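A closer look at the structure
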Amino acid sequence: GVDLSQSAIDKAGPQGVGRVVYFDYDSYVIKPEAQSLIEAHARFIKAGAARKAVIEGHTDERGGREYNLALGQRRAEAVRRALGLLGVSDSQMEAVSFGEEKPAVQGYGEDAYSKNRRAEISYR
C-alpha cells in the first residue's frame with residue numbers, strides 16, 4: 001500500500017527551512033543569502049525519487065501583466081536552474097509563473113513589494 005506518512009513528508013518539504021526565495025526589483029538573480037535554502041531543498045528532493053517540486057514565480061504589481069508573467073517565469077526558472085546545478089533531476093521540478101496574480105502581501109510600497117518579488121518552492 002501507499003505509505004501516507006511518507007507522502008505527507010514529501011509534500012511538507014525540508015524541516016525548518018524556508019520555501020521562499022526573494023528577488024530585487026525587476027531582477028531574477030538569486031541573491032547569495034538564498035543559497036543555503038536552495039541547497040537544503042536540493043538535498044531534500046534528491047533524497048526521495050518520488051518528490052516533485054513546483055517552483056512558483058511571482059512579481060510585485062508594477063509593470064504590465066504580460067511582462068510580469070515573463071519575469072515570474074524567469075524567477076522560477078532561475079531557482080530551477082540553481083537546483084539543477086546541485087544535481088536535482090529535471091523530471092522532479094516544474095517552474096510556473098503567476099506574475100502579479102497571487103501577492104503574498106496586499107498593499108503598496110516597498111514593504112509589500114519586496115515580499116511579493118519571490119519564487120516559492122512547493123511539493124506535489
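Treat the numbers as computed from the prediction; the structure is a model and nothing was measured. (Residues numbered from 1 in each chain as written. Predicted model: local features only at pLDDT ≥ 70, side-chain atom pairs only at ≥ 80, totals over all residues. Heavy atoms only, no water.)

Turning next to the sheet that holds strand β1 (residues 20-22). One open sheet holds the four strands; their spatial order is β1-β4-β2-β3, and the pairing between them is mixed. Edge positions in the sheet fall to β1 and β3 (93-99), since each has one partner strand and no second. Each adjacent strand pair in this sheet contributes to an overall mean axis angle of 20 degrees, direction not counted. Pairing between strand β2 (residues 53-58) and β3: six bridges, direction parallel. Bridging from a neighbouring strand, valine 54 pairs with glutamate 94 of β3. Docked against the sheet, helix α3 (residues 65-85) engages β1, β2, β3 and β4 (118-123), running at close to 155 degrees with respect to β3. (Pairing = 2+ DSSP bridges. Helix = DSSP H or I, 4+ residues; strand = E, 2+ residues; numbered from the N terminus. Axes fitted to C-alpha atoms, helices over the stretch in contact; angles between N-to-C directions. Contact = heavy atoms within 4.5 Å.)

Taken as a whole and assessed by the stated rule, the structure comprises one aromatic pair. Aromatic pair phenylalanine 44 and tyrosine 123: ring centres 5.1 Å apart, planes at 70 degrees, arrangement edge-to-face. Of this pair, phenylalanine 44 sits in helix α2 (residues 35-46) while tyrosine 123 sits in strand β4, and the two are 79 residues apart along the sequence. Take phenylalanine 44 and tyrosine 123: they sit in the same class, and that class is buried. (Phe/Tyr/Trp six-rings, centres within 6.5 Å; stacked < 30°, edge-to-face > 60°. Buried < 20%, exposed > 50% of the residue type's maximum accessible area, 1.4 Å probe, protein only.)

The subject of this paragraph is the nonpolar core. In terms of nonpolar packing, the biggest core is built from 20 residues, with Val21, Ile38, Ile55, Val79, Leu83 and Ile121 touching the most fellow members. Contributing elements (two or more residues each) for this core: α2, β2, α3, β3 and β4. Per-element tally for this core: the top contributor is α2, with five residues. Contacts of valine 21, omitting those with residues within four sequence positions, involve Ile30, Ala34, Leu37, Ile38, Val79, Arg117, Arg118 and Ala119. (Core = buried A, V, L, I, M, F, W, Y, C linked by side-chain atoms within 4.5 Å.)

With that settled, consider the pairing of β2. A large share of β2 lies buried, amounting to six of its six residues. Taken together, β2, α3 and β3 constitute a β-α-β crossover, and its handedness is right-handed. (Right-handed = clockwise from strand over helix to strand, strands pointing away.)

Scanning all chains against the criterion turns up 11 salt bridges. Between arginine 117 and aspartate 60 there is a salt bridge, with its nearest N and O atoms 3.5 Å apart. Of the two residues, arginine 117 is situated in the loop between α4 (110-116) and β4 and aspartate 60 in the loop between β2 and α3; the sequence distance between them amounts to 57 residues. Each member of the pair, arginine 117 together with aspartate 60, is buried. With its nearest N and O atoms 3.8 Å apart, the salt bridge here joins arginine 65 to glutamate 66. Residue classification places arginine 65 among the partly exposed residues on the basis of a relative accessible area of 48%. Residues joined by salt bridges that share partners form a network here, namely Asp60, Arg62, Glu110 and Arg117. (Salt bridge = Lys/Arg side-chain N within 4 Å of Asp/Glu carboxyl O.)

Attention now moves to the side chain of asparagine 68. Here asparagine 68 lies in helix α3. Engagement of the side chain of asparagine 68 in a polar contact is seen with the backbone oxygen of aspartate 60, the distance being 3.4 Å. Those residues within four positions of asparagine 68 in sequence are excluded, and the remaining contacts are Thr59, Asp60, Glu61, Arg62, Gly63, Ser97, Gly99 and Glu100. (Polar contact = N/O pair within 3.5 Å; in protein donor to acceptor, adjacent residues only side chain to side chain.)

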